[in-house]
Amino acid sequence: KPTPWVDVSDDDSLGKQNGLKRKNPNNMNGHHEPSANGHKKKKRRHSLLSDDGLQHNDANGAGQPKKHRINGAGPSTPQGSKAKAIAEQRQQLPIAKGRDALIEEIRKNDVTILLGETGSGKTTQVPQYILESGLAKNGMIAVTQPRKVAATSLAARVATEQNVPLGSLVGYAVRFDEKSSPETRIKYLTDGMIVRELMSDPLLSNYSVVIVDEAHERTLRTDLLIANLKKIQKARNNPSDPKGKGKAGLTNPLKIVIMSATLDAEKFSRFYHNAKILYVKGRQHPVKIYHCAESQLDYTDAAMRTFFQIHTDQPPGDVLIFLPGQEDIESLQKSIDLYAKQLPADKLEVLTCTMFAAQEHSQNNKAFLPTPPKTRKCILATNIAETSITIPGIKYVIDTGKCKEKQYLARVSGGGFDTLLTRDITKSSAMQRAGRAGREGKGVCFRLYTEDAFNGMALSAEPEILRCSLTASILNLKTLGQNLEELDLMDKPDSDSIASALKTLWLLGALDNHQKLTPDGRQMALFPLEPQYACAVVASKGYGCTSEVLDIVSVLSASSKLFIDISEQRDAVAEARRKFRHSYGDHLTVLNAVRAYREIAASENKHARREWCRKHFLNERTFLEARDIREQLVVTCNRVGIDATVSAKEDEDSIIKSIGHGLAGNSAFLQPDGSYKQTMGQTIVKVHPGSSLCDKKVPAIIYDELMYTNQIYARGVSSIPKSFFLSLSAFKQRKA
Ligand code: CDP
Ligand code: MG
């Protein structure tokens with residue numbers, strides 16, 4: 001039965017992914033137009049709404065349209081008119097006209113699927129509409145996001161729109177950071193956080209509405225959430241279900257809203273019993289697309305050249321460059337800044353800013369500030385800027401065609417491992433990226449790949465559940481009494497990857513021989529950590545070194561690396577690092593750095609601390625983030641009865657053994673030929689050149705992760721006595 005499509009905007013066109021194609025006779029700088037088969041041609045309609053300069057406000061949403069603000073100073077408008085301006089902006093969003101229809105549909109249906117172009121107002125407006133219409137009754141509205149940055153920044157925006165402090169009516173919860181209170185009614189959370197909430201509240205009884213945003217990304221956690229929501233809804237909305245109303249005494253039914261800019265909506269609809277699909281048309285202007293005539297070997301170099309071509313040949317307008325990750329972003333920013341200085345004075349100035357997940361909130365926010373006069377802003381971003389976050393003012397997009405994606409390499413090694421690979425994007429991503437140029441007016445997108453390459457791209461990404469390690473998820477599910485195999489999932493992972501995760505959990509002592517959760521496993525699941533590190537913390541209790549293990553795992557769980565590598569200053573970096581180097585390897589080297597920083601922090605002021613970090617090529621942000629993470633881990637330790645203050649002092653063997661319990665599966669033995677071979681698989685691994693153990697041979701190593709570039713590298717490596725592994729199996733026997 002075909003799914004009904006309803007257009008809730010005032011326009012009847014199905015303008016999904018429209019405006020991305022346009023004929024242009026001029027060939028430009030080696031780029032040429034795609035031929036007609038490049039995209040499926042869709043009827044294009046322009047929005048009838050005027051272009052209202054909505055994008056020109058700052059991240060606080062306080063500015064007047066097109067009014068430039070310098071130094072971040074607040075507008076001189078009084079409170080009243082500020083609120084009015086925001087209300088006006090909200091009114092003019094494409095979704096505003098569909099508001100009543102949308103609320104009506106959500107009221108009528110248990111599950112609603114909402115498609116709408118990026119920037120149409122889904123993420124910020126729908127929760128407010130639901131709240132304002134009273135649909136949520138006394139319950140909370142959850143809005144899930146795959147990315148931390150999106151959750152926090154969108155919550156901040158919506159708090160501004162509601163004119164309330166962040167954390168009151170509107171709040172957020174992401175791993176290691178939460179701003180909410182009993183007053184909170186709209187809560188932005190990462191999909192990982194809401195899956196964790198299931199552990200304490202299996203029916204999500206605090207929520208009346210759960211909005212699953214960016215559903216097209218099909219992250220592992222989103223998929224688990226989607227499956228659980230189906231179950232929960234059945235229990236809560238069907239009073240005769242013994243698990244539902246009767247048992248929990250719940251009177252509030254659950255509404256589910258699935259949202260995305262680009263989604264296989266029919267698939268979601270089928271999964272949710274032919275749920276209604278709504279469509280809201282965005283305000284998308286035409287975007288001219290140019291492909292490279294030849295494929296480019298070096299995409300950062302090609303991006304730089306393209307940027308300066310735009311800068312010299314094209315009218316004013318900001319540029320957004322999509323790159324795979326932080327390293328590329330930072331290196332390209334440096335090159336652009338360098339060359340921009342050499343431009344003749346009559347040109348526009350170039351202002352670069354960057355946006356990626358691990359970056360501080362305030363830095364990411366710079367991209368939202370209005371571009372100063374006589375300046376061209378160049379934003380270098382990862383795929384954060386693809387659909388999650390709309391950056392104002394973009395007229396040109398440069399698309400490298402690359403992204404970083406977590407990939408489970410099952411076949412490369414016996415046990416398999418997750419690694420971040422730079423790879424080609426999908427057609428759907430390419431369309432979204434191009435679309436970013438057409439938010440406020442006609443735009444141009446330069447694709448640094450050929451049209452053939454575009455045609456060869458996969459339509460959309462494979463769901464994470466089919467390509468990532470399932471270890472953490474299975475552990476979470478076990479605490480809910482669920483088995484992944486039995487869950488009603490949209491896509492089912494293959495049995496090999498389930499088996500490998502079960503084996504890892506058994507090795508960590510989280511599961512017993514019958515795949516049942518052990519008491520230790522239950523404790524591990526409570527820590528918001530990778531199971532390996534949670535295991536190390538639990539093991540540290542027996543070794544009396546919890547304090548040190550917390551120091552180490554909190555740094556390893558921070559979003560950026562502690563040690564900064566600057567290739568131009570390799571010698572200075574090595575020299576600085578020597579101070580912290582521990583003969584056992586990287587884990588105790590981290591501990592030494594943490595201890596040294598703590599000493600400095602105790603005696604020196606902020607400025608001196610920062611200077612000390614700079615001099616030692618240490619990322620102070622990582623220290624600060626790790627400190628917050630550590631505080632939260634201490635709370636969990638207290639909850640499960642682990643004394644977090646117990647310290648091993650100088651007993652380094654205990655510390656490395658605790659870590660070893662967590663990383664037992666990530667271990668390798670030295671072979672007679674000098675290479676390391678995995679203990680759990682057949683793979684030969686090389687110690688990463690950045691490791692303190694890189695030019696030292698030891699009988700056995702443990703490592704944080706494997707990285708696949710041209711070969712398989714172990715990163716975060718420590719030496720561990722080979723005898724440890726014997727004690728480990730003895731340890732396991734004892735447990736069993
Ligand atoms: O979710 P969707 O992509 O449909 O749109 P949204 O995130 O709700 O954004 C709606 C509008 O709010 C966009 O035009 C954004 O530019 C604007 N916005 C903003 O001005 N500042 C923010 N921090 C977030 C959104
Ligand atoms: Mg959104």
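Residues numbered from 1 in each chain as written. Chains lettered and ligands numbered in written order. Predicted model: local features only at pLDDT ≥ 70, side-chain atom pairs only at ≥ 80, totals over all residues.

Per an unreviewed UniProt entry, the recorded name for the protein is RNA helicase, and the organism is Agrocybe pediades. Recorded in UniProt under Sequence similarities (unreviewed entry), the annotation for the protein is "Belongs to the DEAD box helicase family. DEAH subfamily." One UniProt comment on the protein, placed under Catalytic activity (unreviewed entry), says "ATP + H2O = ADP + phosphate + H(+)". (UniProt positions renumbered as here; feature names shortened; annotations may be inferred.)

(A) The arrangement of the overall build of the protein in detail. Tallying secondary structure elements over the protein gives 25 helices and 23 strands in all. Taking all 736 residues of the protein together, the buried fraction comes to 49%. (Helix = DSSP H or I, 4+ residues; strand = E, 2+ residues; numbered from the N terminus. Buried ≥ 20, exposed ≤ 12 C-beta atoms within 10 Å, placed from the backbone.)

(B) Expanded view of the nonpolar core. Core analysis: the largest hydrophobic core is formed by 114 residues, its most contacted members being Val210, Ile211, Leu320, Ile321 and Ile379. Looking at this core element by element, the count peaks at eight residues for helix α4 (residues 148-162). Residues within four places of Ile379 in sequence aside, it is in contact with Asp318, Leu320, Ile321, Cys353, Met355, Ala367 and Ile391. (Core = buried A, V, L, I, M, F, W, Y, C linked by C-beta atoms within 7 Å. Contact = placed C-beta atoms within 7 Å.)

(C) Summary view of the pairing of strand β15 (residues 394-399). With six of six residues buried, β15 lies mostly within the body of the structure. As paired elements, strand β12 (residues 318-322) and β15 share five bridges and run parallel to each other. Bridging from a neighbouring strand, Leu320 pairs with Val397 of β15. Across four bridges, the pairing between β15 and strand β18 (residues 443-447) is parallel. Pairing of Ile398 across the sheet is with Phe446, part of β18. (Pairing = 2+ DSSP bridges.)

(D) Quick peek at the environment of Gln326. Tracing the chain through its elements places Gln326 in helix α10 (residues 326-341). Through-space distance from the C-alpha of Gln326 to that of Tyr339 is 20 Å; in sequence the pair is 13 residues apart. Setting aside chain neighbours within four positions, we find Gln326 in contact with Phe356 and Ala358.

(E) Representation of the sheet that holds strand β22 (residues 700-708) in the model. If you walk around this closed barrel you meet the five strands as β19-β20-β21-β23-β22, and the pairing is mixed. Taken pair by pair, the neighbouring strands of this sheet meet at an average axis angle of 50°, ignoring direction. Sheet topology note: the strand β19 (residues 667-670)/strand β20 (residues 676-678) ladder contains three bridges and is antiparallel. Within β20, the position partnered with Ala668 by the bridge is Gln678. Along the sheet, helix α24 (residues 652-663) makes contact with β19, β22 and β23 (712-719), crossing β22 at roughly 45°. (Axes fitted to C-alpha atoms, helices over the stretch in contact; angles between N-to-C directions.)

(F) The environment of Thr190, seen in detail. For Thr190, the location among the structural elements is in strand β7 (residues 186-190). Assessed through the 25 C-beta atoms surrounding it within 10 Å, Thr190 is described here as buried. Residues Thr190 and Val212 lie 22 residues apart in sequence; the distance between their C-alpha atoms is 9.8 Å.

(G) Layout of the packing of helix α19 (residues 546-556) against α24. At a closest axis distance of 10 Å, the pairing of α19 and α24 adopts a crossing angle of 55°. As far as their axial angle goes, α24 and α19 are oblique. Between α19 and α24 the crossing geometry is right-handed. Between α19, through Glu548, Val549 and Ile552, and α24, the contact on the second element is made entirely by Ile655, Ser658 and Ile659. Along the lines of polarity and charge, the residues of the contact of α19 with α24 split into four nonpolar, one polar and one charged. (Parallel < 35°, antiparallel > 145°, perpendicular 65-115°, else oblique. Left-handed = near helix turned anticlockwise from the far one by under 90°. Nonpolar A, V, L, I, M, F, W, Y, C, P; charged D, E, K, R; others polar.)

(H) Structural context of the confidence of the model for the protein. On average, residues of the protein score 84 in pLDDT, and 85% of them reach the 70 mark or higher. A low-confidence stretch, residues 1-77 (pLDDT under 50), is modelled with 149 contacts involving residues beyond four sequence positions or located in other chains. Ignoring residues within four places in sequence, the model shows residues 244-248, a span with pLDDT below 50, making 13 contacts including any to other chains. (pLDDT = per-residue confidence, 0-100.)

(I) Just unusual backbone geometry, in detail. One non-glycine residue, Glu214, lies in positive phi territory at about 55°. Residue placement: Glu214 occurs in the loop between β8 (207-212) and α6 (220-237). Of note in this structure, Asn274 is not a glycine but carries a positive phi near 55°. Secondary-structure assignment places Asn274 in the loop between α8 (265-271) and β10 (276-280).

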